[in-house]
Amino acid sequence: MTTTYAVLSEGLEKSFGTKGEVVHAVRGLDLAVAEGTVCGVLGPNGAGKTTAVRLLTTLLRPDAGSARVAGHDLVREAAAVRGAIGVTGQYASVDGDLTGRENLRLFARLHRMRDAPTRAGELLERFGLAEAADRPASTYSGGMRRRLDLAASLIRRPEVLFLDEPTTGLDPASRNQIWEAVRALRGEGTTVVLTTQYLEEADHLADDIALVDHGRVAHTGSPAELKALIGSYAEVVVAHADAMPGAAAVLDRLTGSEPAFAPERHAVGAVTTDPTLTLPRLVRELDAAGVPLLDASLRPPTLDDVFLRLTGGRTDRKELVT
């Protein structure tokens, strides 16, 4: 079967500054997002995620490269791209002086929609804001404002929705509400491009992940595929500092990875991709080596594990912007 892509970019580049000090924000970005899927764009602050979103949503013009979004050329058909997408930025764009209902009606009227009242009511109901619809948005909690912002980005039923770190700073309940909304959109066939710093978020929502480093897509794959590349993280906590070298020797032998030390906790850890390494086996090997063990664990990788292992942990701020 031939895959149809809602977003397809090749070699996108964007720099800022003068000849004396140039910041290369995006440098050769290749991204392919299949229709009707959620693509998680992962990377730490400064990796180029937000700049990439600004390029793909026509808010910035690329210096080089090409892209098609919803079937339209990013530069030559910028107006058509804007007509096919929705965007929710890092910060809520709603007007605090207007009520939730007034905010959505305003967005609908700006888009010359004839059914503004009906569409606003539908979205308020959908996002659990109907009871607060006639309160000023300034009285909304952070989670409510983000849901209202997301509702505004859906006012025209976009083909592709760009969400730039939509859950940063939200409490768990509000975050889960946003997650449920993203799942529902995917179920309806909307393509979602989601930038996030949280592997957990991408793991719950994304069909595919693009790991961005220094303005490029360094690795792609499903959450399971990327985690398989990283493996698990084995950590042991010993009774005293003198036992740390012995624990490190055991981990080095079992994992084949260079151990990392946390002296303040008397802890030693290492990444392993060996599926046969289980927690009982780890404990047995430590016991056989005479290591005075207080605790041991094997856990899935975090975003830090993924980024540090696959990119080498490069964080040169002169090279990167958000």
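Fair warning: this is a prediction, and the values are worked out from it, not measured in the lab. (Residues numbered from 1 in each chain as written. Predicted model: local features only at pLDDT ≥ 70, side-chain atom pairs only at ≥ 80, totals over all residues. Heavy atoms only, no water.)

On to the pairing of strand E10 (residues 216–221). In the sheet, strand E9 (residues 208–213) pairs with E10 via five bridges, with the strands oriented antiparallel. When the bridges of E10 are listed, Ala-210 appears paired with Thr-220. Between E9 and the antiparallel strand that follows it, E10, lie two residues; His-214 among them carries a positive phi value of about 55°. (Pairing = 2+ DSSP bridges. Helix = DSSP H or I, 4+ residues; strand = E, 2+ residues; numbered from the N terminus.)

Moving on to the UniProt feature "domain: ABC transporter" (unreviewed entry) in the protein chain. Per the UniProt record, "domain: ABC transporter" (unreviewed entry) is found at residues 7–239. Counted over residues 7–239, helix gives 34% and strand 30%. Its end C-alpha atoms are 53 Å apart. (UniProt positions renumbered as here; feature names shortened; annotations may be inferred.)

Looking now at helix H6 (residues 172–187). Relative to the 22 Å expected for 16 residues at 1.5 Å per residue, H6 spans 23 Å between its end C-alpha atoms, a close match to the ideal helical length. Listed as buried for H6 are Ser-174, Ile-178, Trp-179, Ala-181, Val-182 and Leu-185. When H6 is viewed along its axis, its buried side chains cluster within an angular range of 160° and face the same direction. Every exposed residue of H6 that faces more than 90 degrees away from the buried side is listed here: Pro-172 and Gly-187. Elements that come into contact with the buried residues of H6 comprise strand E3 (38–42), helix H4 (116–126), helix H5 (142–153), strand E7 (160–164), strand E8 (191–196) and helix H7 (199–205). At the N-terminal end of H6, a side-chain oxygen is found 3.0 Å from the backbone nitrogen of Ala-173, two or three residues along, and the residue is Asp-171. Directly after H6, the chain includes Gly-189, whose backbone phi takes a positive value near 100°. (Expected span 1.5 Å × (residues − 1). Buried < 20%, exposed > 50% of the residue type's maximum accessible area, 1.4 Å probe, protein only. Arc of directions from axis to C-beta. Contact = heavy atoms within 4.5 Å. Polar contact = N/O pair within 3.5 Å; in protein donor to acceptor, adjacent residues only side chain to side chain.)

Next up on the list: the confidence of the model for the protein chain. Looking at the protein chain, the pLDDT average stands at 90 and 94% of residues meet or exceed 70. In the model, residues 314–322 has pLDDT below 50 throughout and makes 29 contacts with residues more than four positions away in sequence or in other chains. (pLDDT = per-residue confidence, 0-100.)

A few words now on the domain arrangement of the protein chain. When the parts come together, some accessible area is lost, and that loss is often what is quoted as the size of the interface. Parsing the protein chain into structural domains produces domain 1 (5–227) and domain 2 (231–300). For domain 1 and domain 2, the distance between their C-alpha centroids amounts to 41 Å. (Domains from an automatic or database assignment.)

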